[in-house]
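Below are the chains, spelled out letter by letter.
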Amino acid sequence: MKRQLAIVFGSIALSALAGAAWSQQKEVTIGYQDMVVPYRVAQDTKEIEKQTGYKINWKQFGGGGEVIKAMASGAVQIGEVGSAGIAAAVSRGEPYELFWILDDIGDAEALVAKNGSGINSVADLKGKKIAMPFNSTTHFHTMVALEQAKVNPADVQILNMRPPEVRAAWQRGDIQATFIWDPVLAEVKKDGKVITSSGKISAETGKATFDGYIVNKDWAKANRDFMVKFVKILAASDDSYRKNMAKWTADTPEVKAVAKWSGAKPEDVPAGMALYRFPTLAEQNSKWLAKDGVAAKALAATATFQLSQKQIEKTLPDYSTVVNATYAQEAAK
């Protein structure tokens, strides 16, 4: 019995030490994707390291699913993930909280109909072929748009294609419409018409799509000072972009930094960024991260869709429990 108690107390002591080490080591691994967002400038100038005193290991991933897996293994503590990926992860009970909206997808994802297809509204999709990657934010918004237009999805040929496949099918004339993002979006617009966008659907239905920053709850708790300073830098980066947007041209250091970290071409960055909306710190607190705010409602709507597609086994009773606005609230003081 004494031996068992010694093992138990030893484990508790080790856990306490591990927790203390976590908060004292001042190092963090952040998973990021190819998003064209303003704070890439702070990433490039090492402003986050300077302001927080933390060593930051930046690790790029090809998609939100990969970021979530790396966070589940403990290799990554903070990660950039789209709203569809966040909804799926928290619905599975994974220990993450959303603390910042990187971008409101807005007009960066749009439903485009090919010229001459006879499609001038969502209702005209009946009997037509539309393609997009399944289980994505555009798949979700396609279904929301059809519901809004009172069109039965069974009356539309909805095809699962990755962006390069969408491009090829569009060029061959195999599809009449697509709900997609850049760079394919820019290409299909050349001989197509925008019928609606994620920004319009979000505004009309409240079912937003976004890219967000999530963090392991325990790590965030042990590193609260870092979290608040990090949010301040994210807010200041967005603010600087909003105030100087016209000056962000292909040959500026800011655009070059965004291009370097996202993998985009410098000449494509200004137009690409202009399609997104970057909420202010005040909007993050009052609108997006609030208890019954846009983020919680968007995650709930997305999870309901994922459940209908059998991507998840259950939904949470309240998605506001996985949204933590306290870092943004403190950063605003």
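Everything below is about the structure printed above this text.
My aim in this report is to walk through the structure given alongside it, one point at a time. (Residues numbered from 1 in each chain as written. Predicted model: local features only at pLDDT ≥ 70, side-chain atom pairs only at ≥ 80, totals over all residues. Heavy atoms only, no water.)

## Considering the overall build of the protein
- Secondary structure assignment for the protein yields 16 helices and 10 strands.
- Taking 2.2 N^0.38 as the reference for a compact globule, 333 residues should give roughly 20 Å; the C-alpha atoms of the protein span a radius of gyration of 21 Å, in line with that estimate.
- Across its three principal directions, the C-alpha atoms of the protein cover 80 × 50 × 35 Å.
- Buried residues in the protein amount to 50% of all 333 residues.
- Excluding contacts between residues fewer than 6 apart, the proportion of contacts in the protein whose partners are at least 24 apart in sequence is 78%.
- Total accessible area on the protein is roughly 15500 Å²; 54% of this is exposed by carbon and sulfur atoms.
- For the protein, the distance from the average site of its 41 positive side-chain charges to the average site of its 36 negative ones is 3 Å. (Helix = DSSP H or I, 4+ residues; strand = E, 2+ residues; numbered from the N terminus. Rg over C-alpha atoms; globule rule 2.2 N^0.38 Å. Buried < 20%, exposed > 50% of the residue type's maximum accessible area, 1.4 Å probe, protein only. Contact = heavy atoms within 4.5 Å. Areas by Shrake-Rupley, 256 points an atom, 1.4 Å probe, with all protein chains shown as cover. Lys, Arg positive; Asp, Glu negative; His and termini not counted. Charge placed at Lys NZ, Arg CZ, Asp CG, Glu CD.)

## Concerning the sheet that holds strand 1 (residues 27–32)
- As summarised here, the arrangement of the five strands in space is 2-1-3-10-4, forming an open sheet in which the pairing is mixed. Both outer strands of the open sheet, strand 2 (55–60) and strand 4 (96–104), are each paired with one neighbouring strand and no more. Each strand axis lies, on average, 25 degrees off the axis of its neighbour in the sheet, ignoring direction.
- Bridging between strand 1 and strand 3 (residues 78–82) involves two bridges; their strand directions are parallel. Bridged to Gly 31 within strand 3 is Gly 79.
- Across the sheet, helix 5 (residues 83–91) is in contact with strand 3, strand 4 and strand 10 (210–216); its angle to strand 3 comes to roughly 115 degrees. (Pairing = 2+ DSSP bridges. Axes fitted to C-alpha atoms, helices over the stretch in contact; angles between N-to-C directions.)

## What about the packing of helix 6 (residues 137–148) against helix 15 (residues 294–308)?
- Contact pair helix 6 / helix 15: the axes reach a minimum separation of 11 Å and the direction vectors enclose 90 degrees. Between helix 6 and helix 15, the crossing angle belongs to the class labelled roughly perpendicular. Contact residues: His 139, Phe 140 and Met 143 in helix 6; Ala 301, Thr 302 and Phe 305 in helix 15. (Parallel < 35°, antiparallel > 145°, perpendicular 65-115°, else oblique.)

## A few points about the packing of aromatic side chains
- This model, assessed by the stated rule, comprises 19 aromatic pairs.
- Centre to centre, the rings of Tyr 54 and Phe 226 are 4.7 Å apart; their planes meet at 45 degrees, and the pair counts as tilted. Of this pair, Tyr 54 sits in the loop between helix 3 (47–52) and strand 2 while Phe 226 sits in helix 11 (residues 224–244); the two residues are 172 residues apart in sequence, bridging distant segments of the chain. Accessibility classification places Tyr 54 together with Phe 226 in one group, the buried group. (Phe/Tyr/Trp six-rings, centres within 6.5 Å; stacked < 30°, edge-to-face > 60°.)

## Observations concerning the pattern of salt bridges
- All told, the structure shown has 16 salt bridges when counted by the stated rule.
- One salt bridge connects Lys 260 with Asp 44, and the closest N-O pair in it is separated by 2.7 Å. In this pair, Lys 260 sits in helix 12 (residues 253–262) while Asp 44 sits in helix 2 (residues 40–45), placing the two residues 216 residues apart along the sequence.
- Salt-bridge contacts for Asp 174 lead to Arg 172; the nearest nitrogen and oxygen are separated by 2.7 Å.
- Note on Asp 174: relative accessible area 34%, which makes it partly exposed.
- Three or more residues are tied together by salt bridges with common partners; here these are Asp 239, Arg 242 and Lys 243. (Salt bridge = Lys/Arg side-chain N within 4 Å of Asp/Glu carboxyl O.)

## Brief notes about unusual backbone geometry
- Backbone torsion omega between Asp 182 and Pro 183 reads 5 degrees, so that peptide bond is classified as cis.
- We note that Lys 46 has phi near 65 degrees; this positive angle belongs to a residue other than glycine.
- Within the element layout of this structure, Lys 46 appears in the loop between helix 2 and helix 3.
- Although it is not a glycine, Lys 150 adopts a positive phi angle of roughly 60 degrees.
- Its location among the elements puts Lys 150 in the loop between helix 6 and strand 7 (157–160).
- Residue classification places Lys 150 among the exposed positions, given a relative accessible area of 76%.

## With respect to helix 6
- With 12 residues, helix 6 extends 16 Å between its outermost C-alpha atoms, agreeing within 8% with the 16 Å of an ideal straight helix rising 1.5 Å per residue.
- Helix 6 sits mainly inside the fold: nine of its 12 residues count as buried.
- By the burial criterion, the buried members of helix 6 are Thr 137, Thr 138, His 139, Phe 140, His 141, Thr 142, Val 144, Ala 145 and Leu 146.
- Just beyond helix 6, the residue with positive phi is Lys 150, at close to 60 degrees. (Expected span 1.5 Å × (residues − 1).)

## Points about the side chain of His 141
- By secondary structure assignment, the location of His 141 is in helix 6.
- Excluding residues that lie within four positions of it along the chain, His 141 makes contacts with Phe 179, Ser 198, Ile 201, Ser 202, Lys 207, Ala 208 and Thr 209.

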